[in-house]
Each structure stands twice: as C-alpha cells, then as structure tokens.
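A closer look at the structure
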Amino acid sequence: MSRFAALAPPFQWGVATSAYQIEGATSADGRGPSIWDTFAEQPGHIEDGSHGRVACDHYHRWQEDLALMEWLGVGAYRFSIAWPRVLPSGTGPINTPGLDFYDRLVDGCLARGITPFATLYHWDLPQALEDRGGWRARETAQAFAAYAEVVARRLGDRVKFWITQNEPWCAAFLGHAHGAHAPGRRDPKEALFVAHHLLLSHGLSTQAIRAAVPGAEIGLAHLYLHAEPASESEADALACRHLDGAFNRWFLDPLYGRGYPEDLLTHYQNLGQLDATAPAFVRPGDLEVIGTRTNFLGLNYYTRGIARSDRVPEANNLPRRIAEAPLEARTDMGWEVYPAGLEAALLRLTRDYAPAALYVTENGAAYADGPDAHGRVHDERRTAYLEAHLLRVAAAKAAGAPVRGYFAWSLLDNFEWAFGYSKRFGLVHVDFQSQRRIPKDSAHGFKAAIGAARKGEAG
Ligand code: FCB
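Read on for a plain summary of the structure.

Conventions used here
- Residues numbered from 1 in each chain as written.
- Predicted model: local features only at pLDDT ≥ 70, side-chain atom pairs only at ≥ 80, totals over all residues.
- Heavy atoms only, no water.
- Helix = DSSP H or I, 4+ residues; strand = E, 2+ residues; numbered from the N terminus.
- Rg over C-alpha atoms; globule rule 2.2 N^0.38 Å.
- Buried < 20%, exposed > 50% of the residue type's maximum accessible area, 1.4 Å probe, protein only.
- Contact = heavy atoms within 4.5 Å.
- Areas by Shrake-Rupley, 256 points an atom, 1.4 Å probe, with all protein chains shown as cover.
- Phe/Tyr/Trp six-rings, centres within 6.5 Å; stacked < 30°, edge-to-face > 60°.
- Lys NZ or Arg CZ within 6 Å of the ring centre and 35° of its normal.
- Pairing = 2+ DSSP bridges.
- Near = heavy atom within 4 Å.
- Polar contact = N/O pair within 3.5 Å; in protein donor to acceptor, adjacent residues only side chain to side chain.
- Nonpolar A, V, L, I, M, F, W, Y, C, P; charged D, E, K, R; others polar.
- Salt bridge = Lys/Arg side-chain N within 4 Å of Asp/Glu carboxyl O.
- Axes fitted to C-alpha atoms, helices over the stretch in contact; angles between N-to-C directions.
- Parallel < 35°, antiparallel > 145°, perpendicular 65-115°, else oblique.
- Left-handed = near helix turned anticlockwise from the far one by under 90°.

Glancing now at the overall build of the chain. Helix and strand content of the chain: 15 helices and 13 strands. Expected size for 459 residues packed as a compact globule is a radius of gyration near 23 Å; at 21 Å, the chain falls within 12% of this value. With respect to the principal axes defined by its C-alpha atoms, the chain has extents near 60 × 55 × 45 Å. Of all 459 residues assigned to the chain, the portion counted as buried reaches 62%. Counting contacts in the chain only where the partners sit at least 6 residues apart, residues at least 24 apart contribute 76% of the total. Approximately 16,100 Å² of the chain is accessible, and the part contributed by carbon and sulfur atoms is 51%.

Structure representation (structure tokens):
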C-alpha cells in the first residue's frame, strides 16, 4: 500500500474492536451478565453454536494486543467498554475491578502513543436492565447516561474521544425486529421505540460526558448503508429513498436536530407500526436532547444496498436489498465490495449534515484465509479491500469531506455476533484454541501504509 500522502498526520490511523467480541472473561472480577451472554448461550442463535466466554481472551492478553498495535504503528485504538463490567446490574454500585481494567488499557495505549477512542455501548446491555425492560424502557436511556458519567469521571482525564452508541440501527432492528441479535425479539413496532431510546441515550450521555470531561470530542458510530436504485425507474428511486431513509435518515435527521423524517413517519404509521406521525414515545424535549451538538460523526461502512421496488419487502417492510455482484466480488459475509460507496457516503454526509468532523469508525472485510505451512496468512483480498477503501477516503478528503481518521475493523479475528467465530475480520489471525496471534499479510500492508502516510510519502 502506498499513495496515502493525503492521509498523513494529523489524520488518525487506527484499529477497532468491541468488548464482547474480544474480551472473554465474562464472569471475571465481578462482571455481570449481558444480553449477549444470555442470547449466545441459547441454542440456535449463533451459527457455529459458540459464545463469547473466552473469545480472544483479550481481558488477559491486552498487553500483547497493545504490542501488536504498537507494531502496526496505529495512532488510535477504538475499543468498547463493557457496561456490565463497570455496573454489573446496569445501575447501582460501581464494580471497581471492572473499571480498573479499562484504566490500565487506557494507560497502556497512552504509554505507546496510541490515542484511545472509547465506545460506551457496543451492544452488551447488562442483563439486569433487560430484565427491567431493556431499551424498550425509557429509564434505560437515563441509566446509560449515569453509566457514561461514571466512566467519563474515571477515564476522562486521559480519554478525550468518546463514542456513545455503536450502530443504533443494529441494536434496534436486528435485536428487536429481526431477532438476529440480542435480545432476540421480533416486533417491528418495538424496534422503533427502542431506536428512539437509543438516540435519547446518546443525547443524554453526550451531555453527561461533556459536563465531566473538559475538551471531550463526542460522537456516535452510525452504520451507513449506501443505497442505490436497481434501475432508473421512478419506483426504484422511491424504494432507494426509502432504504436510505430507514437506515440513514431515521437516525441522522434527529441526530442533527431535524426530528424524524416525515416520509418514514407516514410509512410506519401506514404499516400500523406507529400510532401517529408524532408517536407517543417521543416526549416533549426529546428531540432537543437527541440533537445535542456532537463533535464528530462516526461512520461504519462495509457495503452498499441496492433497492428494488418489485422485491418482497423484508420483515420490517424495507425494500429488499439485493446483492447483484458476482460471488467473487463479495466477502464471506456475502457483502459486495464497493469502495465507491465510502467516498459517496463521506461526501453525502458532508453535504447533507455538515458534521464538524467525520471518522470512519469501522471498515473491513471477512475472509477465511488462515495460516499456510510456513505460518503466513496470505489474505490479498483483505489488503486489496483496505487499500481501495483508504484511497476513497483520501479522495473524499481531497474533495472537502472533514474526515479525520480511519479505523480498520478489526485488529483481531473475533466473535462475529450471530456468526460466531466463522467470520474472520481480523488484520491479525487468532487461533481460538491456542490464542496464538499471527499478523496477516494485510496487517503488514496496513503497517506499511501507515508508515508511508506518516512520512507523507507519495509512494
Ligand atoms: C458492525 C459491528 C461490528 C462488527 C462489524 C463486522 O456492524 O459494529 O461489531 O460486527 O459489523
């Protein structure tokens, strides 16, 4: 990889992970159970029957993992904090050993010149809160803000970059309408007010962190779906607007102070999923809280969605997204490799929402390549994926998008939610039996690209 001079410092190169996907040690040092422990332990939920009890054992191997990051030369690390390690019941007494773990991790980052980006919610809700209504209950948003304050007070002298929520679309719709993610519920109506409570929790926690941490930079990581119509027909254009609306505008419009988009409100009302275009779960003042100023928008980008009006709608009445790409142009997730969508996304967000800054908070690809007889992992497709996407970031930056950083998903092969360990996204291969880590060729490529960008080399 070369030609990354446009991404020279102060542009941040980083890697991303999340707590449940890598930490393991799910009952160590007073951690309480989360909805993902419960969900994964129930048969039929995880493709390979696995769970996160051990995962990458990062809870015990974090120093080795930080050393890998130092070797890579990344300037930033996006990790998530497990709410049930800090507050085992979601509210109430602080579990100091749990918080101490992140304290050590943050110090470890700083000692290696790595800027920590802390995500407060990457889907591992304390089970005790789920038992009290989970994200269906408005109180959970308040509980989240209180948890954010606890963490911010402890780490805020050293952590300046905060991500409140990771991908509210997944937590709301995969978790509550499709049943594919914890807590495994299937009620499209519910997904709408869950989404609202997640956004509300974002706004409340943004305020709490800002009050506790002078100079904090706060944002949310949004799963961006780049929607394109299957044809030039008016019907497909409408389907595309709807797909973009359901994934992107439904979250970003309120986040940027515009409230929920009218076309989608009417749509959900027509489906009987909302009682009125001003739904009762939106209380006076909520939209102001959700629209609380942020410092950046995080963008998780993987693929595009093609909207066709004539396909049977999905469960929550989204136009079916179809993958028209040939199999060899898709990753092991079945997701089309479509780098142009990342550039389009960065420019569109800049144009339509004018965020103060943008970070690509996740981007990467699942490919199964494992070690050969010499212990090398030749994952050319991942190297090509990362390079193509990074070039699009550079292009968007040159065209005026205020993009300040890029985080590859992920440092390590890890527990890929409903797919278990069957999908490998890591730059570093993990043998889940021995816990041996092997940097793949893509890790070497990423390291070289970072080195070239650092030197401002044109390459
Ligand atoms: C994103 C998630 C992340 C990982 C990648 C592949 O939706 O935020 O945890 O699973 O997808």
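Next, the rest of the story.
By the definition in use, this model includes 39 aromatic pairs. The interplanar angle of 85° and the centroid separation of 6.2 Å between the aromatic rings of tyrosine 121 and phenylalanine 144 together place this pair among those described as edge-to-face. Within this pair, whereas tyrosine 121 is found in strand β3 (residues 115-121), its partner phenylalanine 144 is found in helix α7 (residues 139-155), the two being separated by 23 residues in sequence. Ring pairs connect the aromatic residues Tyr20, Trp36, Phe39, Trp123, Phe415, Trp417, Tyr421 and Phe432, which therefore count as one cluster. Residue placement shows arginine 304 over the ring face of tyrosine 338; its charged tip is 3.9 Å from the ring centre.

Here we take up the pairing of strand β2 (residues 76-80). Burial analysis of β2 places five of its five residues in the buried class, which makes it a mostly covered element. Here β2 shows two buried faces, one formed by Ala76, Arg78 and Ser80 and the other by Tyr77 and Phe79. Bridging between strand β1 (residues 12-16) and β2 involves three bridges; their strand directions are parallel. In the strand pairing of β2, valine 15 is matched with tyrosine 77. Summarising the sheet, β2 and β3 pair through five bridges and their orientation is parallel. Across the sheet, the residue bridging to tyrosine 77 is proline 116, located in β3.

Now for the site of the ligand. Neighbouring the ligand are the residues Gln21, His122, Trp123, Asn166, Glu167, Tyr302, Glu362, Trp409, Glu416, Trp417 and Phe425. In the model, an oxygen atom of the ligand is placed 2.8 Å from a nitrogen or oxygen of the glutamine 21 side chain. Contact between the ligand and histidine 122: an oxygen atom at 2.8 Å from a side-chain N or O atom of the residue. Protein chains bury 96% of the 300 Å² of accessible surface belonging to the ligand in isolation. In the shell around the ligand, the residues fall into five nonpolar, three polar and three charged.

Trans is the common state for peptide bonds, and a negative phi is the common state for residues other than glycine. Residue proline 10 is reached from proline 9 by a cis peptide bond, and omega for that bond is 10°. If you trace the backbone, proline 10 turns up in the segment before β1. Notably, alanine 55 is not glycine yet its phi reads approximately 50°, a positive angle. With respect to the helices, strands and loops of the structure, alanine 55 is situated in the loop between α2 (35-41) and α3 (58-72). Notably, glutamate 167 is not glycine yet its phi reads approximately 50°, a positive angle. Among the structural elements, glutamate 167 can be located in the loop between β4 (161-166) and α8 (168-176). The buried category is assigned to glutamate 167, whose relative accessible area is 5%.

With that settled, consider the environment of glutamate 130. Position of glutamate 130 relative to the elements: it lies in helix α6 (residues 127-130). You can call glutamate 130 buried: its relative accessible area is 10%. For the pair glutamate 130 and serine 34, spaced 96 residues apart in the sequence, the C-alpha separation amounts to 8.5 Å. When residues no more than four places from it in sequence are discounted, the contact partners of glutamate 130 are Ile35, Leu125, Arg136, Pro183 and Arg185. Separated by 3.0 Å, the side chains of glutamate 130 and arginine 136 make a polar contact.

The subject of this paragraph is the pattern of salt bridges. Side-chain pairs of opposite charge can arise where the charged atoms are in close proximity. In total, this model carries 31 salt bridges according to the counting rule given. In this structure, glutamate 387 and arginine 3 form a salt bridge, with 3.8 Å as the shortest nitrogen-oxygen distance. Residue glutamate 387 is found in helix α14 (residues 380-398), and its partner arginine 3 is found in the segment before β1; the two are separated by 384 residues along the sequence. Among the ionic pairs, arginine 249 bridges to aspartate 263, the shortest N-O distance being 2.8 Å. Taken together, the positions of arginine 249 in helix α10 (residues 234-255) and aspartate 263 in helix α11 (residues 262-270) put the pair 14 residues apart, joining distant regions of the chain. By relative accessible area, which is 6% here, arginine 249 ends up buried.

Tracing the sequence through the fold places threonine 26 in the loop between α1 (19-22) and α2. Between the C-alpha atoms of threonine 26 and isoleucine 114, which are 88 residues apart in sequence, the distance is 26 Å. Those residues in contact with threonine 26 that lie beyond four places of it in its chain are Tyr20, Arg31, Gly32, Asp37, Gly52 and Arg53.

Turning our eyes to something else, we now look at the packing of helix α13 (residues 340-353) against α14. Where α13 meets α14, the closest approach of the two axes is 8 Å, and the angle between their N-to-C directions is 30°. Relative to α14, α13 is oriented roughly parallel. Here α13 runs over α14; the crossing is right-handed. Across the interface between the two elements, Ala340, Leu342, Glu343, Leu346 and Leu347 of α13 pack against His389, Arg392, Val393, Ala395 and Ala396 of α14. Across the contact of α13 with α14, the residue classes tally to seven nonpolar, one polar and two charged.

Let's shift gears to the sheet that holds β1. Taken in spatial order, the eight strands line up as β1-β2-β3-β4-β5-β7-β10-β11 and close into a barrel, and their pairing is parallel. With strand direction ignored, the average angle separating the axes of adjacent strands in the sheet is 25°. Direction of pairing for strand β5 (residues 217-223) relative to strand β7 (residues 296-300): parallel, over a ladder of five bridges. In the strand pairing of β7, alanine 221 is matched with glycine 298.

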